[in-house]
Amino acid sequence: MNITEETLIQRIRRRVPSSEGGVLRLGIGDDAALVRTPPGADWVVTSDPFIEDVHFLADTHAPDVVGYKALARATSDLAAMGAQPQLFLLNLTIPASRTGRWLEGMLTGMGRAARKFRLRLAGGDTSQGPKSSPTISLHVTVLGSVERGRELRRTGAQPGDAVFVSGPLGAAQLGLELILHGRHRETRWKKLLAPQFHPVPAILLGQWLAHQRIASAAMDLSDGLSSDLPRLCKASAVGARIYAEKLPCVVVPRELRPLKLDALTLALHGGEDYGLLFTVPARSAPRIPNTFHGTTLTHIGEIVRGRGVSLVDARGKISPLKPRGWDHFRTR
Ligand SMILES: [Mg+2]
């Protein structure tokens, strides 16, 4: 690397909140961080890779978007557990050619996400990576805390429970389609790109569901409803039935009709929305508000006995819902 490790750390600390305080007793600068456990809480820990050409495209995703999104994706898994975000660790592999403006931009985006989600950087490492593959990779580990015994899990859904989602479905995929069709540089679609570039994890909703003990199961929607709902069902050993007409599909503007994007397809199979998918016992369903801090909460179906997820179309026809969301290990 053509900058020293020390300079790099200084630059990171200037952009990303990393001061000691709260649960962080000893932060960056020693061999490891020292972290205090909040009283009556458990730690929730998860890590997430964000790799060039796999999760983002360096010529399409601006550096600040890369920094923001790397942290938002990981934080969404904390939200899905009902946790309060606390700390994160960053392992960065970056070619020397990106240590100038690209890195500043990335750190600016990451700092913005960290302040928004109330996360402090507790440590990590940086390396240049092999010269033969000059790609960028960010590995983010996030730690959150949850009141002991109140975490949201995927395993508690029961037949008869109502199935809810937060936010619109397919909005991030619509942004991705604009990119894939080369329409993302048109300023009039800037708003439609926000869910793709700056997703907002459902942190407060997750905490509310956990604190109220109202959800029987929950997870975040990272890969698309058709991929994620079967995961929740499998973990709970149940099936589900959802209704096409009830889905809060993203609105595709008329001017984009030539792209032949179907709102229902985007809603069912589009990834990266980072809303929550959760189930609630039928008797508690009326306690779920229509909106929560400005985000819509929609009752889309119910949990049933048996296995598999089925989709009821507008005419009442029932068909199995095949997972067609994002999966790195399935070629498309
Ligand atoms: Mg998840």
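Along each chain, residue indices are assigned from 1 in the same order as the chain's sequence is written. Reporting in this predicted model follows two pLDDT cut-offs: at least 70 for local features of residues, and 80 or more for side-chain atom pairs to be given and counted; totals over whole chains, interfaces and linings ignore these cut-offs and use all residues. Just so you know, side-chain values use all the structure's heavy atoms and leave hydrogens and water out.

> When you look at the overall build of the protein in this model, what are you seeing that I'm missing?
Helix and strand counts for the protein come out as eight helices and 14 strands. All radius of gyration figures rest on C-alpha atoms, and the globule criterion is 2.2 Å times the number of residues raised to 0.38. The globule rule puts the C-alpha radius of gyration for 332 residues at 20 Å, and the 21 Å found for the protein is close to it. Counting only C-alpha atoms, the protein reaches 65 × 55 × 35 Å along its principal axes. Out of the 332 residues in the protein, the part that is buried amounts to 52%. Residue contacts follow a heavy-atom distance rule, with two residues in contact if any of their heavy atoms lie within 4.5 Å. Within the protein, contacts between residues separated by at least 24 positions form 83% of all contacts whose residues are at least 6 apart in sequence. Only the protein chains shown count as cover for residues, with accessible areas throughout obtained via the Shrake-Rupley method and a probe of 1.4 Å. Here the protein has roughly 16,100 Å² of accessible surface; of this, 51% comes from carbon and sulfur atoms. A gap of 5 Å separates the mean positions of the 43 positive and 30 negative side-chain charges of the protein. Runs of E in the DSSP output that reach at least two residues are strands. Runs of H or I that reach at least four are helices, and both are numbered from the N terminus. Note on classification: 1.4 Å probe, protein chains only; a residue is buried when its accessible area is under 20% of the maximum for its type, exposed when over 50%, partly exposed between these limits. Charge counting treats Lys and Arg as positive and Asp and Glu as negative, with His and both chain ends excluded. Every charge is mapped to an atom, namely NZ of Lys, CZ of Arg, CG of Asp or CD of Glu.

> Is there a simple way to think about the pairing of strand 6 (residues 137-147) in this case?
Residues in a regular strand point their side chains to alternate faces of the sheet. For strand 6, a buried count of nine out of eleven residues is recorded, marking the element as mostly surrounded by other parts of the structure. Only when DSSP finds a minimum of two bridges between them are two strands counted as paired. Strand direction decides the pairing type here: strand 4 (residues 84-93) and strand 6, joined by nine bridges, are antiparallel. When the sheet's bridge partners are listed, Asn 91 is paired in strand 6 with His 139.

> Would you take a moment to explain the coordination of the magnesium ion for this structure?
In an ideal octahedron of six donors the angles at the metal are 90 or 180 degrees, and in an ideal tetrahedron of four donors they are 109.5 degrees. Each metal's donors are the N, O and S atoms found within 2.8 Å of it, except that Na, K and Ca use a 3.2 Å limit; water is left out, so coordination can look incomplete. Distances from the magnesium ion to its protein donors, namely Asp 77 (OD) and Asp 220 (OD), fall within the range 2.0 to 2.1 Å. Of this pair, Asp 77 sits in helix 2 (residues 63-80) while Asp 220 sits in strand 8 (residues 217-220); the two residues are 143 residues apart in sequence, bridging distant segments of the chain.

> Hey, could you run me through the environment of Gly 316 in this one?
Structurally, Gly 316 is set in the loop between strand 13 (309-312) and strand 14 (318-320). The spatial distance from the C-alpha of Gly 316 to the C-alpha of Glu 245 is 9.8 Å, given a sequence separation of 71 residues.

> What should I look at first to understand the pattern of salt bridges in this one?
A side chain with one charge can pair with a side chain of the opposite charge if their charged atoms come near. The salt bridge criterion pairs a side-chain nitrogen of Lys or Arg with a carboxyl oxygen of Asp or Glu, the two atoms within 4 Å. Using the criterion set out here, one finds 15 salt bridges in the structure. Between Glu 52 and Arg 98 there is a salt bridge, and its shortest N-O distance comes to 3.8 Å. In this pair, Glu 52 is assigned in the loop between strand 3 (41-51) and helix 2 and Arg 98 in the loop between strand 4 and helix 3 (101-117), connecting sequence segments 46 residues apart. Since its relative accessible area comes to 10%, Glu 52 is described here as buried. Of the residues examined, Arg 98 reaches a relative accessible area of 24% and is grouped as partly exposed. Between Arg 183 and Glu 186 there is a salt bridge, with its nearest N and O atoms 2.6 Å apart. Overall, Glu 186 belongs to the partly exposed group, its relative accessible area being 26%. Residues joined by salt bridges that share partners form a network here, namely Arg 11, Arg 15 and Glu 104.

> I tried to follow the sheet that holds strand 4 on my own but got confused; where do I start?
What holds strands together in a sheet is hydrogen bonding between their backbones, with the strands either parallel or antiparallel. If you trace the four strands from one edge of the open sheet to the other, you get 3-6-4-5, paired in mixed fashion. Of all the strands in the sheet, just strand 3 and strand 5 (120-127) have a single pairing partner and so form its edges. With direction set aside, neighbouring strand axes in the sheet form an average angle of 15 degrees. Relative to strand 6, strand 3 runs antiparallel, the two being bridged by eleven bridges. Within strand 6, the residue paired with Trp 43 across the bridge is Ser 145. For helices, the fitted line uses only the C-alpha atoms of the stretch in contact; every axis is such a line through C-alpha atoms, and the angle between N-to-C directions lies from 0 to 180 degrees.

> I'm lost on the state of the cysteines in this one. Help?
Note on terminology: disulfide describes a covalent bond linking the sulfur atoms of two cysteines. When two cysteine sulfur atoms are found within 2.5 Å, that pair is recorded as a disulfide. Following the criterion strictly, the structure yields zero disulfides and no others. A disulfide-free cysteine, Cys 233 has its sulfur positioned 19 Å from the sulfur of Cys 249, the nearest such atom. Given a relative accessible area of 2%, Cys 233 falls into the buried group. With relative accessibility at 25%, the residue Cys 249 sits in the partly exposed group.

> Sorry, what's going on with the environment of Gly 124 here?
Take Gly 124: it is sitting in strand 5. Measuring from C-alpha to C-alpha, the distance between Gly 124 and Gly 67 comes to 15 Å, with 57 residues separating the pair along the chain. Setting aside residues no more than four positions away along its own chain, Gly 124 makes contact with Leu 89, Leu 90 and Asn 91.

> Can you help me understand unusual backbone geometry in this one?
Glycine aside, the phi torsion of most residues is negative, and most peptide linkages are trans. Positive phi values are uncommon outside glycine, yet Arg 213 reaches one of about 55 degrees. With respect to the helices and strands, the residue Arg 213 is situated in the loop between helix 6 (203-212) and strand 8. Located in the positive-phi region is Tyr 274, a residue other than glycine, with phi close to 60 degrees. Owing to a relative accessible area of 4%, Tyr 274 belongs among the buried residues under this scheme.

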